Amino acid sequence: MAKSTPGDYDAVREDIKALLHQPEYDDGSAGPVLVRLAWHSAGTYDAETDTGGSNGAGMRYEAEGGDPANAGLQHARVFLEPIKAAHSWITYADLWTLAGVVAVEAMGGPAVPWQPGRTDYVDDSKLPPPGRLPDGALGADHVRAIFYRMGFNDQEIVALCGAHNLGRCHSDRSGFEGAWVNNPTRFSNQYFKLLSGVEWKEKTLENGMRQFYYIDEDSEEELMMLPTDMALWFDDKFRPYVEKYAKDKDTFFADFSKVFNKLLELGIERDASGRVTNTDNVKGGYHS
Ligand code: ZEM
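### With respect to the coordination of the zinc atom of the ligand
- Of all protein atoms, H164 (NE2) alone acts as a donor to the zinc atom of the ligand, lying 2.2 Å away.
- Of note, H164 is situated in the loop between α7 (154–161) and β1 (168–169).

### Brief notes about the confidence of the model for the chain
- With 97% of its residues at a pLDDT of 70 or more, the chain shows a mean pLDDT of 95.
- The model gives residues 283–288 a pLDDT under 50, and that stretch makes 18 contacts with residues more than four places away or in other chains.

### Regarding the site of the ligand
- If you check the shell around the ligand, you find 26 residues, and the closest are W39, H164, R168, H170 and S174.
- Within the side chain of W39, one N or O atom sits 3.1 Å away from a nitrogen atom of the ligand.
- A distance of 2.9 Å separates an oxygen atom of the ligand from a polar atom in the backbone of R168.
- At the level of elements, α2 (31–42), α6 (140–150), α7 and β1 are the ones that each hand at least two residues to the shell around the ligand.

### Overview of the sheet that holds strand β3 (residues 201–204)
- Reading across the sheet, the 3 strands line up as β3-β4-β5 and stay open at both edges, with antiparallel pairing between neighbours. Each end of this open sheet is capped by a strand with a single partner; those strands are β3 and β5 (222–225). Each strand of the sheet is rotated relative to its neighbour by a mean of 45°, with strand direction disregarded.
- The pairing of strand β4 (residues 210–215) with β5 spans 4 bridges and is antiparallel. Pairing of F212 across the sheet is with M225, part of β5.

### What about the nonpolar core?
- Core analysis: the largest hydrophobic core is formed by 81 residues, its most contacted members being F260 and L263.
- When residues of this core are assigned to their parent elements, the largest contribution, 10 residues, is made by helix α5 (residues 92–106).
- Leave out the neighbours within four places in its chain, and L263 touches W39, A42, G43, M150, F152 and L160.

### So, the state of the cysteines
- One pass over the structure, following the stated rule, counts 0 disulfides.
- You can see C169 has no disulfide; the closest cysteine sulfur is in C161, sitting 12 Å from it.

### With respect to the packing of α5 against helix α11 (residues 249–265)
- Where α5 contacts α11, the axes come no closer than 11 Å and their chain directions differ by 170°. With respect to each other, α5 and α11 are oriented roughly antiparallel. Contacts between α5 and α11 involve T97, G100, V101 and V104 from the first element and F256, F260 and L264 from the second.

Basis of the calculations
- Residues numbered from 1 in each chain as written.
- Predicted model: local features only at pLDDT ≥ 70, side-chain atom pairs only at ≥ 80, totals over all residues.
- Heavy atoms only, no water.
- Donors = N, O, S within 2.8 Å, 3.2 Å for Na, K, Ca; no water.
- Helix = DSSP H or I, 4+ residues; strand = E, 2+ residues; numbered from the N terminus.
- pLDDT = per-residue confidence, 0-100.
- Contact = heavy atoms within 4.5 Å.
- Near = heavy atom within 4 Å.
- Polar contact = N/O pair within 3.5 Å; in protein donor to acceptor, adjacent residues only side chain to side chain.
- Pairing = 2+ DSSP bridges.
- Axes fitted to C-alpha atoms, helices over the stretch in contact; angles between N-to-C directions.
- Core = buried A, V, L, I, M, F, W, Y, C linked by side-chain atoms within 4.5 Å.
- Buried < 20%, exposed > 50% of the residue type's maximum accessible area, 1.4 Å probe, protein only.
- Disulfide = S-S within 2.5 Å.
- Parallel < 35°, antiparallel > 145°, perpendicular 65-115°, else oblique.

This is the structure in structure tokens:
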């Protein structure tokens, strides 16, 4: 990996793309876990207190990184270390979010607008408390409480959850097991097609976790849904968006691009030229 001039984000993008291929890792790709890293780095945002979010890369610290919801994301951070070593000028907060958007596009998804300027400066006594990320075992009320807190509406929630086209659950991380779709390294609207199109049955794993399953007729592969995924289908206000995205891949891609960018910008303040103005990242009360 060649060193780069500060600000050469294209060089960083190229190096991220080159590391996505990981023959020894899940489905041969680091892509899905990098998307999850970007999401969890930002998904702690609380609009009311203007705390959390991707600014500060707080997951480097035990207080945030040790949230059980973040189990397994050390793999994603380790994948990115050689990139940080070669391009030491990029902040972790920018690198983690950029890796997510590069991975989405490289796996066949939409281009997602991305702006740099996040800081790694964080007052570690003010890290977001554990419990700000969603719990897959719960239902629609919980999903709304978590995502409304960040400032998203129902349509945006459904679009964001379409990221479950990618990757899989690991019993040693979340306790859930399996992938949502047959080809979990290809970004598509297959998740919505399956959610709306086939019959899901509930089961309890040996570890006591409840999830939903469907045996794909062609591949005979068992696919899964979390209780929160099923909630998007059972809920009268979420369901129309699931149906729309199942039928219309282009609309899903356009909406996902917008909302993933919005997620990664939560808590980042910019001036008219796009420069980040809150690089001290110390305001707000994280203990409310
Ligand atoms: Zn996920 N997600 N997620 N998610 N997620 C998992 C995996 C992945 C929820 C959730 O509990 C889980 C969003 C929303 C929500 C990804 C992206 C995005 C796993 C499995 C769980 C349990 C973890 C494991 O065991 O490794 C819940 C409850 C959500 C909302 C209600 C949003 C929004 C995402 C991005 C925009 C991705 C890519 C994965 C796959 C990770 C991997 O390692 O393969």
